[in-house]
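# Structure at a glance
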Amino acid sequence: MSDRREFLKTSAAAATISAATLTAATTTSQPASAAPAGSNERMRIGFIGPGGRGFGAHVKSLCKHHEAGRKIDLVAVAEVFESQRDKVADYIEKATKTKPAKYVDYRDMIEKENLDAVCIGTPDHWHHRQTIDALEAGLNVYCEKPMTKTVQEAFDVEDKWRASGKVMQVGVQSTSLPVWNEVNALLREGKLGKVLGFQTEYFRNSDVGQWRYYKLTPDMTPKTIDWKRWLGTEHDLAEDVPFDREVYKQWRRFWPFGSGMFTDLFVHRTTSMLKATGLRVPGRVVGAGGVYLEYDGRDVPDVATVVADFNEGVQGLITATMCNQESRVNQLIRGHYGTFAFGNGESFDGFDFIPERGPVTHVRQEAERITTNPIDNTTMAHFANWLDACEAGDPSLCNNQPDLGAAAMSVVNLGAQSYRQGKVFFVDEDHKISDQDPGWAAKWEERSANGGPVAHIPGWNAGEYGSKQRDPDYMQYGGPWLNGKDPAEG
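Residues numbered from 1 in each chain as written. Predicted model: local features only at pLDDT ≥ 70, side-chain atom pairs only at ≥ 80, totals over all residues. Heavy atoms only, no water.

Relative to the elements of secondary structure, E153 occurs in helix α7 (residues 151–164). One buried charged side chain, E153, makes no salt bridge at all; its nearest oppositely charged neighbour is K149, positioned 7.4 Å away. Residues within four places of E153 in sequence aside, it is in contact with H128 and T148. (Helix = DSSP H or I, 4+ residues; strand = E, 2+ residues; numbered from the N terminus. Buried < 20%, exposed > 50% of the residue type's maximum accessible area, 1.4 Å probe, protein only. Lys, Arg positive; Asp, Glu negative; His and termini not counted. Salt bridge = Lys/Arg side-chain N within 4 Å of Asp/Glu carboxyl O. Contact = heavy atoms within 4.5 Å.)

The next thing to look at is the pairing of strand β4 (residues 117–120). The two faces of β4 match: A117 and C119 on one face and V118 and I120 on the other face are all buried. Sheet analysis places strand β1 (residues 43–48) next to β4, joined by four bridges and oriented parallel. Looking across to β4, one finds that F47 is bridged to C119. Of the strand pairs in this sheet, β4 and strand β5 (residues 140–144) are connected by four bridges, and their pairing is parallel. Residue pairing across strands places V118 opposite V141, the latter belonging to β5. For the crossover from β4 across helix α6 (residues 124–136) to β5, the handedness is right-handed. (Pairing = 2+ DSSP bridges. Right-handed = clockwise from strand over helix to strand, strands pointing away.)

Here we take up the pattern of salt bridges. In the structure shown here, the tally under the stated rule is 31 salt bridges. In this structure, K191 engages E368 in a salt bridge whose closest nitrogen and oxygen atoms are separated by 2.7 Å. With a gap of 177 residues between them, K191 in the loop between α8 (179–188) and β7 (195–201) and E368 in strand β14 (residues 368–371) connect regions that are remote in the sequence. Owing to a relative accessible area of 23%, K191 belongs among the partly exposed residues under this scheme. One salt bridge in this structure joins R364 and E366, with 3.2 Å as the shortest N-O distance. We classify E366 as partly exposed; its relative accessible area is 48%. The structure contains a network of salt bridges with shared partners spanning R212, E246, R253, E294, D296 and R298.

Their axes nearest at 10 Å, the elements helix α3 (residues 52–67) and helix α14 (residues 378–392) cross at an angle of 65°. The interaxial crossing formed by α3 with α14 has right-handed handedness. Residues R53, A57, H58, S61, L62, K64 and H65 of α3 touch α14, and the partners they reach there are T379, M380, F383, A384, W386 and L387. Of the residues in the contact of α3 with α14, the class split is seven nonpolar, four polar and two charged. (Axes fitted to C-alpha atoms, helices over the stretch in contact; angles between N-to-C directions. Left-handed = near helix turned anticlockwise from the far one by under 90°. Nonpolar A, V, L, I, M, F, W, Y, C, P; charged D, E, K, R; others polar.)

To continue, consider the packing of α7 against helix α15 (residues 402–421). At a minimum axis separation of 9 Å, α7 and α15 run at an interaxial angle of 175°. Relative to α15, the element α7 lies roughly antiparallel. Touching V151, A154, F155, E158, W161 and R162 of α7 are P402, D403, A406, M409, S410, N413 and L414, all from α15. Of the residues that constitute the contact of α7 with α15, the class distribution is eight nonpolar, two polar and three charged. (Parallel < 35°, antiparallel > 145°, perpendicular 65-115°, else oblique.)

Glancing now at α6. By the criterion of burial, α6 is predominantly enclosed, with 10 of the 13 residues buried. Buried within α6 are the following residues: D124, H125, W126, H127, H128, Q130, T131, I132, A134 and L135. G138 lies just past α6 and shows a positive phi near 80°.

Taken together, the side chains of Y292, L293 and Y295 make up a nonpolar region of the molecular surface, amounting to roughly 410 Å² of accessible area. Along the polypeptide, Y292 turns up in the loop between β8 (284–290) and β9 (303–310). Judged by its relative accessible area of 52%, Y292 is exposed. (Patch = residues over 30% accessible without salt bridge, like charges linked within 9 Å, V, L, I, M, F, W, Y side chains within 5 Å. Areas by Shrake-Rupley, 256 points an atom, 1.4 Å probe, with all protein chains shown as cover.)

Ranked by internal contacts, the top residues of the largest apolar core, which has 80 residues, are V118, V183, F266, I333, F340 and F342. Counting residues per element, this core draws most heavily on α15, at nine residues. V118 has contacts with G46, I48, M109, A134, L139, N140, V141, Y142 and W386, leaving out every residue within four places of it along the chain. Ranked by size, the runner-up nonpolar core spans 22 residues in total, among them F47, V77, V167 and W386. (Core = buried A, V, L, I, M, F, W, Y, C linked by side-chain atoms within 4.5 Å.)

Pasting the structure below:
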């Protein structure tokens, strides 16, 4: 264990994002010309790195859609682990009666298989490279969350996607719940008055430590796994280090490959809250936490919190521990005139409206239960949404497009970097990131001194409803006495 820990210590330090790296310019190169996705009569799909989630969700869901009659063919698998590659290919052949081609290098698959789309299920550090390669090849993309490893990569993918015209879905399946669009409509109409903040969570507990429940097996060896390809040393995605089953299977525990709960779990709930509120990239992010119990050689914390402040005058709180799950923080969106309370998890048949007191709101509001249609299998619904968008050739139909994926990454990943570096990060309107305060508090103090205006979520159409305070009569006596004159005398 000592050799592995020394490697991880070194790699984690090297992976820390410096301020200079965070402010690097976004790549805006144009995609190479290619046959348009959807040019085949039936949609030809290839899988890149179908491991745990890639097999259990991507492959199995699309096999079910194939069985249900969708015009899709699952034609190829690219996977560095020989046993997993064979397992996935055998499953597809049995489910679809078609034998898929097998590859180690996904680039060979893209070059040879006349694909229309790919599903990416590799570890986080590969997402950016593989997504860009697929978009440049003219393919539609389904990429498992988080969309990328770093924030700058996320903005890069967003730019590339916009230039490509291709369909891309990010794999946060809860965004295919109808509730978030319904909530957004109510918020824009002013149901809560001025929206002030959201809070969300993803609590877990385990007697073996998070991500250590992914089993290590004897057949995982340098002979069966193309280790250097998994690391991505050819592309400088990671250092060339000794093979390690723990790192290969439980990579979310280690900074060079993932960011623990920040990008595995927080990204789920954060994306939903951003979709509900219509918010995107924050203006200010700070993270906190530590490794307080799970001393198992991991890098990532077992207790963490991110606070994100938005230029629309909204604050987001994302918090959890991986060592307690029976006392969760409720998922809420708060406004001046009331609150939407969602409870926990992702299975909703409704949510509660909790009104503020009448003497504050000066309108009559009653507590109510607002119903919504639950979805039993959000993963199947999310893939169905992607397939619909691909068949229509309309990127806007996707429930989790890269602009939302990049926004979620900017919250959770900057939170992780803040925790690691002890800094507060700021994002300007051009998506440039800095740890130098541009005067965040000063701008709000100036707005207060000037009497407003109040900032609102995107699409707000409720005017001043719930966004204006009254001045009590006695406030006429307030203000500075200039030259000894009482301001109440006019």
